[in-house]
Amino acid sequence: DQQVKQNSPSLSVQEGRISILNCDYTNSMFDYFLWYKKYPAEGPTFLISISSIKDKNEDGRFTVFLNKSAKHLSLHIVPSQPGDSAVYFCAATPFGNEKLTFGTGTRLTIIP
Amino acid sequence: DVKVTQSSRYLVKRTGEKVFLECVQDMDHENMFWYRQDPGLGLRLIYFSYDVKMKEKGDIPEGYSVSREKKERFSLILESASTNQTSMYLCASSLPWGFDLNSPLHFGNGTRLTVT
C-alpha cells in the first residue's frame, strides 16, 4: 500500500526552464512533508520541507507547494540547472513522528 | 557536518549466509534508521532505533534484525540472506523530533548488497 506516490518515474527539462515534480499522498495523518535529492552512489540529502499549516515554502530556486484538500504537493525548481539532475524523493510523516514514508522517486534530467 | 558512514559500498553474499551491515554516525544522534531502496518502490523503512538497545519495526522487517549496543552504531542483520534481499541499503540518523526540522534525516552513501 503506497501511501506516498510519485507518478512520474522520470522527467526531462531544458536548462533554464521550470521543473515541476509532483507527489500525492493518501494518509490524512501526514502533516509534514519533505523533499530529498539523491545523486548516484550517494545517500539522499534534504532539500526543503513544508508543514500543513502552510501552503508554500521557498528556498532560493526551490519552492514547495502543498494542497491539503487534494493531498498533493509539488516541487518547483526555477531556473533548472544541470546540477539538478538527480532522483527526487518526496516524504511525509505525521507531525512529531521521526519515521518518514517515502515516495517512489522521480528521476529529473536537465538537458543543457 | 554530520557524517553517517556505512562500512561497505558493495557486498556480494550467497543465499543462506548471515550478513551484517554496519553503520556509524558521528553526531551523537538519538535516532537511527535502516531503509532499503528498490526501483519503483522508493525507500522503505526496515527498522528504527530511538535509543541504545531500543528498536521498532518499520514497514518491511521480515527477514531482518538489528542491533544497537552503542549510540553511534546501528547494525542490520540478515539472518539467512535470500535473493529478494538484493537491494541498496541506506542507513540514516537524526535528532529527536523538533530539534532539527530543517534537516531531519542524514543518510549514509548506501551499501549495494547482491545475494546470489
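Please refer to the structure higher up on the page.
Each chain has its residues counted from 1, running along the sequence as written. Written order decides the labels, with chains lettered from A and ligands numbered from 1. Per-residue local features are limited, in this predicted model, to residues with pLDDT of at least 70; the limit for side-chain atom pairs, both in listing and counting, is 80 or more; totals at the level of whole chains, interfaces and linings are taken over all residues. With hydrogens and water set aside, each side-chain value is computed from the structure's full complement of heavy atoms.

**Side note on the pattern of salt bridges**
Residues and elements named next belong to chain B. Whenever a carboxyl oxygen of Asp or Glu lies within 4 Å of a side-chain nitrogen of Lys or Arg, that contact is scored as a salt bridge. The final tally for this structure, using the stated rule, is nine salt bridges over all chains. Glutamate 30 is the salt-bridge partner of lysine 71, the closest N and O atoms lying 3.5 Å from each other. Taken together, the residues lysine 71 in the loop between strand E7 (64-70) and strand E8 (73-78) and glutamate 30 in the loop between strand E3 (19-25) and strand E4 (31-38) connect sequence positions 41 residues apart. Because the salt bridges share partners, they merge into one network encompassing Asp28, Glu30 and Lys71. Only DSSP runs of H or I reaching four residues or more are called helices, and only runs of E reaching two or more are called strands; each is numbered from the N terminus.

**Structural notes on the sheet that holds E7(B)**
All names here are of chain B. Taken in spatial order, the four strands of this open sheet run E1-E3-E8-E7, and their pairing is antiparallel. Of all strands in the sheet, those bounded by a partner on one side alone are strand E1 (4-6) and E7. Adjacent strand axes in the sheet meet at a mean angle of 20 degrees, parallel and antiparallel pairs treated alike. A pair of strands is considered paired only if DSSP assigns at least 2 bridges between the two. Bridge count for E7 against E8 is five bridges, and the pairing is antiparallel. Paired with lysine 70 across the two strands is arginine 73, which belongs to E8. Throughout, an axis means a line fitted to C-alpha atoms (over the contacting stretch in the case of helices), and angles, computed between N-to-C directions, take values from 0 to 180 degrees.

**Considerations on the side chain of Gln85(B)**
All names here are of chain B. Residue position: glutamine 85 is located in the loop between E8 and strand E9 (87-94). The class of glutamine 85 is buried, set by a relative accessible area of 4%. In protein, a polar contact requires one atom able to donate a hydrogen and another able to accept it; more generally it is a pair of N or O atoms within 3.5 Å, and residues adjacent in sequence count only if both atoms are side-chain atoms. A polar contact of 3.2 Å, which involves the side chain of glutamine 85, links it to the backbone oxygen of glycine 63. The residues contacting glutamine 85, other than those within four sequence positions of it, are Arg36, Glu62, Gly63, Tyr64, Leu78, Ser80, Leu113 and Val115. Categorising residues by exposure relies on relative accessible area from a 1.4 Å probe, with only protein chains included: less than 20% of the type maximum marks a residue as buried, more than 50% marks it as exposed, and the intermediate range marks it as partly exposed. Any two residues whose heavy atoms approach within 4.5 Å at even a single point are treated as in contact.

**Topic: the interface of chain B and chain A**
Taken together, the contact pairs 25 residues of chain B with 23 residues of chain A. Each of two parts loses accessible area, computed with a 1.4 Å probe, when they are put together; buried area is these two losses added. Buried surface at the junction of chain B and chain A, both sides included, amounts to about 1,900 Å², of which 61% is carbon and sulfur. Three residues, Leu43(B), Trp97(B) and Phe107(B), lead the burial of chain B against chain A; their summed loss comes to 31% of the area buried on that side. Where chain B packs against chain A, one counts one salt bridge. The closest approach of N and O atoms between Glu56(B) and Lys99(A), which form a salt bridge, is 2.7 Å. Connecting chain B to chain A are seven residue pairs in polar contact (both at pLDDT 80 or more).

**Examining the environment of Tyr64(B)**
All names here are of chain B. Considering the arrangement of structural elements, one finds tyrosine 64 in strand E7. Here tyrosine 64 is in contact with Arg36, Ile46, Tyr47, Leu76, Ile77, Leu78, Gln85 and Tyr89, once residues within four sequence places are set aside. A distance of 2.8 Å separates the side chain of tyrosine 64 from the side chain of arginine 36, its partner in a polar contact. A distance of 2.7 Å separates a polar atom in the side chain of tyrosine 64 from a polar atom in the side chain of tyrosine 89.

**Description of the side chain of Thr106(A)**
All names here are of chain A. Mapped onto the secondary structure, threonine 106 falls in strand E11 (residues 106-111). What makes threonine 106 buried here is its relative accessible area of 3%. Polar contacts involving the side chain of threonine 106 include one to the main-chain carbonyl oxygen of serine 8, which spans 2.6 Å. What threonine 106 contacts, discounting residues up to four positions off in sequence, is Gln6, Ser8, Pro9, Ser10, Leu11, Leu21, Ala86, Val87 and Tyr88.

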